[in-house]
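# Summary of the model geometry
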Amino acid sequence: MSLKSIELLALMALIMLLTAWAEQKTKNVSESDKLIYQKVEDVLSRMTFEEKIGQMSQKVVNKIDEKIKQDIRDGKIGSILVTEKSFLTASVKNELQKIAIEESRMGIPIIFGHDVINGFKTIFPISLAQSCTWDTALVKECAAIAAKEASAFGIDWTFAPMVDVSRDARWGRIAECFGEDTYLNESFCAASVKGFQGNNVADEDRLVSCLKHFVGYGNALGGRDYQYTDISDRSMYEVYLPPYKAGVDAGALTVMSAFNDINGVPATANKKLLTSVLKEKWGFPGFVVSDWDAVEQLLNHGYAADSIDAAVKSFNAGVDMEMKSGIAYQLKPDYISAKVINDAVRRLLYVKLKKGLFNKPYTDESRASREVLTAEHRQMARKTAAESMVLLENKNQTLPIKNRSLTVAVVGSFAKEQNIMGWWKSFGDEKDVITTFQGLKNNAPSKVNVVDKITTLTDIIIACVGEEFDTFGEAHSRSDINLPGNQSDWIKQLKKYGKPIVTVVFNGRPLVLTPEKENSDALLLAWHPGTEGGNALADVIYGVKNPSGKLTTSFPSHSGHIPVFYNARNSGRPQSNTYIKELPTPLYPFGYGLSYTSFSYSDLKIISSQIDINGIVKVSAKITNTGNLAGTEVVQLYVRDLVGSTTRPIKELKGFKRLYLKAGETQEVKFDLPASELAVLNQDFEPIVEKGTFKIWIAANSIEGLEGSFEIK
Ligand code: GLC
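Given the structure is predicted, the values throughout are model-derived calculations rather than measurements.

### Overview of the overall build of the chain
Assigned secondary structure in the chain consists of 20 helices and 26 strands. Compactness check: the chain gives a C-alpha radius of gyration of 27 Å against a globular reference of 27 Å for 713 residues, within 12% of the reference. The C-alpha extent of the chain, read off along each of the three principal axes, is 100 × 65 × 45 Å. Counting the 713 residues in the chain, one finds 58% classified as buried. If you take every contact in the chain between residues at least 6 apart in sequence, the share linking residues at least 24 apart comes to 77%. About 27800 Å² of surface is accessible on the chain, with carbon and sulfur atoms providing 52% of the total. Counting 83 positive and 85 negative side-chain charges, the chain places the averaged centre of each group 3 Å from the other.

### Concerning a nonpolar patch on the surface
A cluster of nonpolar side chains, contributed by Leu8, Leu9 and Met12, occupies part of the molecular surface with about 300 Å² of accessible area. Along the polypeptide, Leu8 turns up in helix H1 (residues 3-26).

### Focus: helix H2 (residues 31-45)
For H2, which comprises 15 residues, the first-to-last C-alpha distance of 21 Å matches the rise-based estimate of 21 Å (1.5 Å per residue) to within 8%. Looking at H2, one finds that the buried residues are Asp33, Ile36, Val40, Val43 and Leu44. Here the buried residues of H2 occupy an arc of 95° about the axis, which is enough to place them on one side. Seen from the open side of H2, the exposed residues pointing more than 90 degrees away from its buried face are Glu31, Leu35, Gln38 and Ser45.

### Quick notes on the packing of aromatic side chains
A complete count under the given rule lists 23 aromatic pairs for this structure. Centre to centre, the rings of Tyr226 and Phe259 are 5.2 Å apart; their planes meet at 80°, and the pair counts as edge-to-face. Within this pair, whereas Tyr226 is found in the loop between strand E5 (210-214) and helix H9 (233-240), its partner Phe259 is found in the loop between strand E6 (254-257) and strand E7 (261-262), the two being separated by 33 residues in sequence. Here Tyr226 falls in the partly exposed class, since its relative accessible area comes to 33%. Among the residues examined, Phe259 registers a relative accessible area of 6% and is labelled buried. Taken together through their ring pairs, the aromatic side chains of Trp134, Tyr183, Tyr566, Phe590, Tyr638 and Phe656 make up a single cluster. Of note, Lys76 hangs over the ring of Tyr329, and the distance from its end group to the ring centre comes to 4.6 Å. Taking the ring centre of Tyr638 as reference, the NZ or CZ of Lys651 above it sits at 5.6 Å.

### Let's talk about the pairing of strand E26 (residues 704-712)
With 2 bridges connecting them, strand E18 (residues 610-611) and E26 associate as parallel partners. Within E26, the position partnered with Gln610 by the bridge is Glu711. With 8 bridges connecting them, strand E25 (residues 692-701) and E26 associate as antiparallel partners. Among the inter-strand pairings, Ile698 is bridged to a residue of E26, identified as Leu706. Where E25 folds back onto E26 in an antiparallel hairpin, the turn is made up of 2 residues.

### Looking at unusual backbone geometry
Following Phe214, the chain continues into Val215 via a peptide bond in cis, with omega recorded as 0°. If you trace the backbone, Val215 turns up in the loop between E5 and H9. In this structure, the amide linkage connecting Ile562 to the following residue, Pro563, adopts the cis form with an omega of 5°. Counting through the fold element by element, Pro563 comes out in the loop between helix H20 (533-541) and strand E17 (599-607). The backbone of Trp134 sits at a positive phi, close to 50°, despite the residue not being glycine. Within the secondary structure, Trp134 sits in the loop between helix H6 (127-131) and helix H7 (136-152).

### Observations regarding the site of the ligand
If you check the shell around the ligand, you find 13 residues, and the closest are Asp115, Arg173, Lys212, His213 and Asp291. Taking Asp115, its side chain carries an N or O atom lying 2.5 Å from an oxygen atom of the ligand. For the ligand, the accessible surface in isolation is 310 Å², of which the surrounding protein chains cover 95%. Considered class by class, the residues forming the shell around the ligand number 7 nonpolar, 1 polar and 5 charged.

### Thoughts on the sheet that holds strand E20 (residues 631-641)
The sheet built from 5 strands is open, its strands ordered E18-E26-E25-E20-E21 with mixed pairing. Of all the strands in the sheet, the pair left with one neighbour each is E18 and strand E21 (652-661). Bridge analysis of E20 against E21 gives 9 bridges, and the strand direction is antiparallel. If you follow Leu637 over to E21, its bridge partner there is Gly655.

### Section: the sheet that holds strand E9 (residues 287-290)
In a beta sheet, neighbouring strands pair by backbone hydrogen bonds and run either parallel or antiparallel. Pairing within the open sheet is parallel, and its 3 strands lie in the order E5-E6-E9. Here the strands that pair on one side only, and so sit at the sheet edges, are E5 and E9. Adjacent strand axes in the sheet meet at a mean angle of 25° when their direction is disregarded. As paired strands, E5 and E6 are joined by 3 bridges and run parallel to one another. Considered in E6, the bridge of Leu211 is made with Val255.

### Here's the deal with the environment of Gly107
Residue placement: Gly107 occurs in the loop between helix H5 (90-103) and strand E3 (111-114). In this structure the C-alpha to C-alpha distance between Gly107 and Val43, which are 64 residues apart in sequence, comes to 9.9 Å. Contacts of Gly107, omitting those with residues within four sequence positions, involve Ala100 and Ile101.

Rules behind the numbers
Per chain, residue numbering runs from 1 following the sequence as it is written. Where local features are concerned, this predicted model is filtered to residues with pLDDT of at least 70; where side-chain atom pairs are given and counted, the filter is 80 or more; whole-chain, interface and lining totals use all residues. The basis for every side-chain value is the complete set of heavy atoms in the structure, and neither hydrogens nor water enter the calculation. Helix and strand labels come from DSSP, where a helix needs a run of H or I of at least four residues and a strand needs a run of E of at least two; each type is numbered from the N terminus. Computation of the radius of gyration draws on C-alpha atoms alone. For the globule rule, the value is 2.2 Å times the number of residues to the power 0.38. For each residue, the accessible area found with a 1.4 Å probe, counting protein chains only, is set against the maximum for its type, and the residue is called buried under 20%, exposed over 50%, and partly exposed in between. Only heavy atoms matter for contacts: two residues are in contact if any of them lie within 4.5 Å across the pair. Only the protein chains shown count as covering a residue, and every accessible area follows the Shrake-Rupley method with a 1.4 Å probe. Counting rule for charge: Lys and Arg are taken as positive, Asp and Glu as negative, and neither His nor the chain ends is counted. In this description, the location of a charge corresponds to atom NZ of lysine, CZ of arginine, CG of aspartate or CD of glutamate. Only residues whose relative accessible area exceeds 30% and that form no salt bridge enter a patch; like-charged residues are grouped when within 9 Å of one another, and nonpolar side chains (Val, Leu, Ile, Met, Phe, Trp, Tyr) when within 5 Å. Here, a salt bridge means any Lys or Arg side-chain nitrogen found within 4 Å of an Asp or Glu carboxyl oxygen. A helix is expected to span 1.5 Å multiplied by its residue count minus one. Starting at the helix axis, one direction is taken to each C-beta atom, and the arc is that of these directions. Any Phe, Tyr or Trp ring, taking Trp's six-membered ring, that has another such ring centre within 6.5 Å forms a pair; planes under 30 degrees apart are called stacked, those over 60 apart edge-to-face, and the others tilted. Each ring is checked for a lysine NZ or an arginine CZ that lies within 6 Å of its centre and within 35 degrees of its normal; such an atom marks a charge sitting over the ring. Any two strands between which DSSP finds at least two bridges are classified as paired. We call a residue near a molecule or strand when any one of its heavy atoms sits within 4 Å of it. Pairing of N or O atoms within 3.5 Å defines a polar contact, subject to two protein rules: one partner must be a possible hydrogen donor and the other a possible acceptor, and residues neighboring in sequence count only if both atoms are side-chain atoms. In this count, Pro and Cys sit with the nonpolar residues alongside Ala, Val, Leu, Ile, Met, Phe, Trp and Tyr, while Asp, Glu, Lys and Arg are called charged and the others, Gly among them, polar. Here an axis means a line fitted to C-alpha atoms, over the contact stretch when the element is a helix, while the angle between two N-to-C directions is reported on a 0 to 180 degree scale.

Here's what the structure looks like:
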């Protein structure tokens, strides 16, 4: 065969290979995405290196000045981070966007980002509180409302949901996650992503979501924010990564890399997690933004010699956009491969096109006046706040306060506190917040008289205590998680009046409430309930709403017991996993919460008690409302894998359902549990279903319930 024909054959083989590769690459790409990727390649092919670096840079903007406008003209700003103290209105956004579109060489729109965590103008309860509703549909709706409001002000992208599983109540940012359980964080992560992004993220009232902080940030040493984390591969794959996978599967378009060092490699330069796991193994199509200055902080970590080294390491690892420092501007083409830069810019352009920013870069300026802080948004905030509240004690049915001629004294540092919107209150305004005193006064039943001091006429005391908004959240960890200050003593002093004491706690984290348990007749967690907090409290205290909230974190009985969480693994001497003369038993366990009515569980049925590795175990029970008030019960499904190829938690949540029951009503609750949901991760962290015996519970919380068992044969 002549050389010519060999070359020809080789060329044909190469063309066939490339075609197959391209088809493979795009085989599961939708038609619309194919068009987007074509546009991406077109725009990318015309960009200079500096313009690519510009797209990879997010600028924090507190006020508009000529420098910002010139940076936009020069193509140096791919994204603007709007801080809550800043300037933003739709018209200002449009003014800046117009400069980007019409005065920069490439005309690439800016994506405007902001921390829309638990609301924008109408503020909902903090995320940890929202998780206590065990109501994913409600949380999804809250995210959708937040997106509607924020987008009306020109925001395109929120840095939420935060899904860092945390088992350490000292950590201030536990307030921002959905509790200590991975399954719950997965459930609420998917709900939030769908709420923010909707079915089409390009819709004008939707936001691009951002899964954060990737990954394991909640495992901070000693619960001290920003501290390094030592996370075994098993914990990484079983506890911390799954909520992110749930978010990617729900279509989240961005991920934020975390501050923490993970086993010696900072998250923001961790190629194994950012690229191998997130982008390659999971096929994440969006982009990774670093956390605030997290790239620069590689120097503090001792992982980069200088800021150029830090930038190169972060981008090589899989960060696509740097937040705040502008560190990327120092890069030169020969510092970093064109492939790394081009892949990052492809992802950035992909998300901007998915969001529709090229077709509709501007915000309709008429929306804000009619779509923000509306009556229905307030109503949703009120409903969510009431459903997030957790009744921990109610001795002698102190609550609800029904229509009796009572004088109610609403006292304590939180009685008239308006800053009950948590750490990330975005554009929420204290002046819009209904305080506890206002709520109880405005909604009082006719014969109830609400006053703000204790007198000889007082019949019942509402003692409002808690944590100020800046004692939790970012950079606000506490070593001792009792009520701050002398609030516990103050409550104890109230006993001298000889009146029933209803303690209402405005908390941002699990607290040690041992004294409150003893000194209160009723103990109610309000968390930081947001704009409608006072009205929601009135609904619960007056019995308009029967509390249904249940804890998604264990409340320790002593700060020294931390970490305390329900799904720990057993020890070889379970009887002796104690401290001298004390057990680390939680004061209030995961899944716990009282109602004004009562529920009984009966008739556990397991079909069948033997399934194969592809089978489904069907388990049911009857739940009866044995009280005289209608109420909602959060029914939980737990399992325990008695013997595995690795040690297993003593309990694992595998399902939950909210059940509304009228007084005296009985309903059957059913769970179908596929064996695949019981898979363990083998030594390669691949799921395998193992044969063996499982215990199963249908339960009201993590320490009690109807117990049965089944086999996987
Ligand atoms: C902060 C937080 C992160 C937030 C970002 C932008 O440092 O860690 O959660 O989204 O910076 O404000």
